[in-house]
Amino acid sequence: MSDDTPKAQRFDLLSNSESGLSYVREKRGGTMRVLTESELADFNDPPPCPQCAEQFGCEHFNCAGEEMLDDDAIIANAPPQWLAFAKACGVSLQDIERLKLIREHEGEYRVVEEAVTDMRTLEIVLLLNGE
(Lines give C-alpha, C1' and ligand atoms only; values in the text may rest on other atoms or scores of the structure.)
Protein backbone atom coordinates (compact mmCIF):
# COMPACT_ATOMS: atom_id res chain seq x y z
CA MET A 1 0.00 0.00 0.00
CA SER A 2 1.38 3.35 -0.96
CA ASP A 3 1.85 6.00 1.74
CA ASP A 4 1.16 8.91 -0.64
CA THR A 5 -2.47 7.97 -1.31
CA PRO A 6 -5.18 9.45 0.93
CA LYS A 7 -6.17 6.94 3.59
CA ALA A 8 -9.71 6.10 4.54
CA GLN A 9 -10.25 6.58 8.24
CA ARG A 10 -11.93 3.99 10.42
CA PHE A 11 -13.18 6.62 12.88
CA ASP A 12 -14.63 10.10 12.85
CA LEU A 13 -12.74 12.09 15.47
CA LEU A 14 -15.32 13.82 17.64
CA SER A 15 -12.97 15.56 20.06
CA ASN A 16 -9.69 15.35 21.97
CA SER A 17 -9.38 16.01 25.68
CA GLU A 18 -6.46 17.66 27.43
CA SER A 19 -5.82 14.36 29.22
CA GLY A 20 -4.95 12.71 25.89
CA LEU A 21 -8.20 10.88 25.28
CA SER A 22 -9.82 10.88 21.86
CA TYR A 23 -13.56 10.61 21.46
CA VAL A 24 -14.32 8.81 18.21
CA ARG A 25 -17.21 7.23 16.34
CA GLU A 26 -16.70 4.20 14.10
CA LYS A 27 -17.76 4.97 10.54
CA ARG A 28 -19.09 1.46 10.19
CA GLY A 29 -21.70 0.80 12.86
CA GLY A 30 -21.53 4.19 14.59
CA THR A 31 -20.13 2.89 17.89
CA MET A 32 -18.66 5.70 19.98
CA ARG A 33 -15.42 5.06 21.88
CA VAL A 34 -12.97 6.83 24.12
CA LEU A 35 -9.40 5.89 23.16
CA THR A 36 -5.97 6.80 24.44
CA GLU A 37 -3.32 7.94 21.95
CA SER A 38 -1.69 4.48 21.99
CA GLU A 39 -5.06 2.73 21.47
CA LEU A 40 -5.82 5.04 18.55
CA ALA A 41 -2.37 4.28 17.08
CA ASP A 42 -3.04 0.53 17.39
CA PHE A 43 -5.86 0.93 14.86
CA ASN A 44 -3.24 1.92 12.27
CA ASP A 45 -0.98 -1.11 12.77
CA PRO A 46 -1.14 -2.57 10.21
CA PRO A 47 -2.28 0.42 8.18
CA PRO A 48 -5.91 0.18 7.06
CA CYS A 49 -6.86 -0.14 3.40
CA PRO A 50 -6.80 3.33 1.82
CA GLN A 51 -10.08 2.60 0.04
CA CYS A 52 -12.31 0.97 2.67
CA ALA A 53 -10.39 1.30 5.98
CA GLU A 54 -10.44 -2.44 6.71
CA GLN A 55 -7.30 -3.43 8.54
CA PHE A 56 -6.82 -7.18 8.11
CA GLY A 57 -7.73 -8.02 4.54
CA CYS A 58 -10.51 -6.83 2.28
CA GLU A 59 -11.48 -7.00 -1.38
CA HIS A 60 -8.59 -4.62 -2.20
CA PHE A 61 -5.73 -6.11 -0.10
CA ASN A 62 -5.21 -9.50 1.54
CA CYS A 63 -4.12 -9.96 5.17
CA ALA A 64 -0.47 -9.75 4.05
CA GLY A 65 -1.09 -6.24 2.67
CA GLU A 66 -0.76 -7.37 -0.95
CA GLU A 67 -3.00 -5.90 -3.62
CA MET A 68 -5.68 -8.28 -4.85
CA LEU A 69 -5.87 -8.94 -8.58
CA ASP A 70 -8.90 -8.01 -10.63
CA ASP A 71 -10.67 -10.67 -12.72
CA ASP A 72 -8.67 -9.97 -15.88
CA ALA A 73 -5.36 -10.26 -14.00
CA ILE A 74 -6.53 -13.47 -12.34
CA ILE A 75 -7.35 -15.00 -15.71
CA ALA A 76 -3.99 -13.88 -17.10
CA ASN A 77 -1.89 -15.09 -14.16
CA ALA A 78 -3.57 -17.94 -12.28
CA PRO A 79 -2.79 -21.53 -13.28
CA PRO A 80 -5.87 -23.31 -14.68
CA GLN A 81 -6.18 -25.68 -11.69
CA TRP A 82 -6.43 -22.69 -9.31
CA LEU A 83 -8.58 -20.43 -11.48
CA ALA A 84 -11.92 -21.24 -9.79
CA PHE A 85 -10.42 -20.72 -6.32
CA ALA A 86 -8.71 -17.49 -7.37
CA LYS A 87 -11.94 -16.04 -8.76
CA ALA A 88 -14.00 -17.13 -5.75
CA CYS A 89 -11.63 -16.04 -2.97
CA GLY A 90 -9.40 -13.49 -4.65
CA VAL A 91 -5.62 -13.66 -4.90
CA SER A 92 -2.58 -11.44 -5.19
CA LEU A 93 0.42 -12.12 -7.43
CA GLN A 94 2.25 -13.40 -4.35
CA ASP A 95 -0.69 -15.74 -3.61
CA ILE A 96 -0.20 -17.36 -7.00
CA GLU A 97 3.35 -18.19 -5.92
CA ARG A 98 2.02 -19.51 -2.61
CA LEU A 99 -0.38 -21.83 -4.44
CA LYS A 100 2.66 -23.61 -5.91
CA LEU A 101 3.45 -24.80 -2.37
CA ILE A 102 0.07 -26.45 -1.84
CA ARG A 103 -0.87 -30.00 -2.82
CA GLU A 104 -3.98 -32.08 -2.37
CA HIS A 105 -3.42 -35.21 -0.26
CA GLU A 106 -6.24 -37.65 0.47
CA GLY A 107 -8.92 -35.04 -0.17
CA GLU A 108 -7.27 -32.35 1.93
CA TYR A 109 -5.02 -29.49 0.89
CA ARG A 110 -1.64 -29.24 2.61
CA VAL A 111 1.55 -27.24 2.28
CA VAL A 112 4.46 -29.32 0.97
CA GLU A 113 6.77 -30.35 3.82
CA GLU A 114 9.91 -28.49 2.75
CA ALA A 115 8.08 -25.19 2.16
CA VAL A 116 8.63 -22.10 4.25
CA THR A 117 5.18 -20.69 4.97
CA ASP A 118 3.72 -17.44 6.15
CA MET A 119 0.34 -16.57 7.63
CA ARG A 120 -1.23 -15.95 4.21
CA THR A 121 -0.15 -19.39 2.92
CA LEU A 122 -1.83 -21.01 5.91
CA GLU A 123 -4.94 -18.89 5.36
CA ILE A 124 -5.11 -20.10 1.74
CA VAL A 125 -4.92 -23.72 2.91
CA LEU A 126 -7.80 -23.08 5.30
CA LEU A 127 -9.84 -21.46 2.52
CA LEU A 128 -9.15 -24.38 0.18
CA ASN A 129 -10.24 -26.83 2.85
CA GLY A 130 -13.44 -24.87 3.44
CA GLU A 131 -12.63 -23.92 7.03
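Up top is the structure these notes are about.
Just so we're clear, the structure is a prediction, and the values are computed from it rather than from any experiment.

Criteria and thresholds
Residues numbered from 1 in each chain as written. Predicted model: local features only at pLDDT ≥ 70, side-chain atom pairs only at ≥ 80, totals over all residues. Heavy atoms only, no water. Helix = DSSP H or I, 4+ residues; strand = E, 2+ residues; numbered from the N terminus. Rg over C-alpha atoms; globule rule 2.2 N^0.38 Å. Buried < 20%, exposed > 50% of the residue type's maximum accessible area, 1.4 Å probe, protein only. Contact = heavy atoms within 4.5 Å. Areas by Shrake-Rupley, 256 points an atom, 1.4 Å probe, with all protein chains shown as cover. Lys, Arg positive; Asp, Glu negative; His and termini not counted. Charge placed at Lys NZ, Arg CZ, Asp CG, Glu CD. Salt bridge = Lys/Arg side-chain N within 4 Å of Asp/Glu carboxyl O. Phe/Tyr/Trp six-rings, centres within 6.5 Å; stacked < 30°, edge-to-face > 60°.

A. Inspection of the overall build of the protein at higher detail. In terms of helices and strands, the protein carries five helices and five strands. Beginning at the N terminus, the succession of helices and strands in the protein can be written as β-β-β-α-α-α-α-β-β-α. Since a compact globule built from 131 residues should have a radius of gyration of about 14 Å, the 19 Å found for the protein marks it as more spread out than a globular shape. Its C-alpha atoms give the protein principal-axis dimensions of about 60 × 30 × 25 Å. Looking at the protein as a whole, 31% of its 131 residues are labelled buried. Sequence-distant contacts in the protein: of pairs separated by 6 or more residues, those separated by 24 or more amount to 32%. Just so you have it, the protein exposes about 8700 Å², and 49% of that area is on carbon and sulfur atoms. Here the protein carries 12 positive and 26 negative side-chain charges, and the mean point of each set is 3 Å from the other.

B. Region of interest: the pattern of salt bridges. Summed over the entire model, instances satisfying the criterion amount to nine salt bridges. Residue Arg-98 pairs with Glu-66 through a salt bridge whose shortest N-O separation is 2.7 Å. Here Arg-98 is found in helix α4 (residues 93-99), whereas its partner Glu-66 is found in the loop between α1 (37-42) and α2 (71-77), with 32 residues between them in sequence. Arg-98 gets classed as buried once you look at its relative accessible area, which sits at 9%. Judged by its relative accessible area of 12%, Glu-66 is buried.

C. Structural context of the environment of Cys-63. Within the secondary structure, Cys-63 is located in the loop between α1 and α2. The spacing of Cys-63 and Arg-120 is 57 residues in sequence and 6.7 Å in space, taken between C-alpha atoms.

D. Geometry of the packing of aromatic side chains. One pass over the structure, following the stated rule, counts one aromatic pair. Taking the centre distance of 5.8 Å and the plane angle of 50 degrees together, the rings of Trp-82 and Tyr-109 count as tilted. With Trp-82 in the loop between α2 and α3 (83-89) and Tyr-109 in strand β5 (residues 108-111), the pair connects residues that are 27 residues apart, well separated along the chain. The class of Trp-82 is buried, set by a relative accessible area of 9%.

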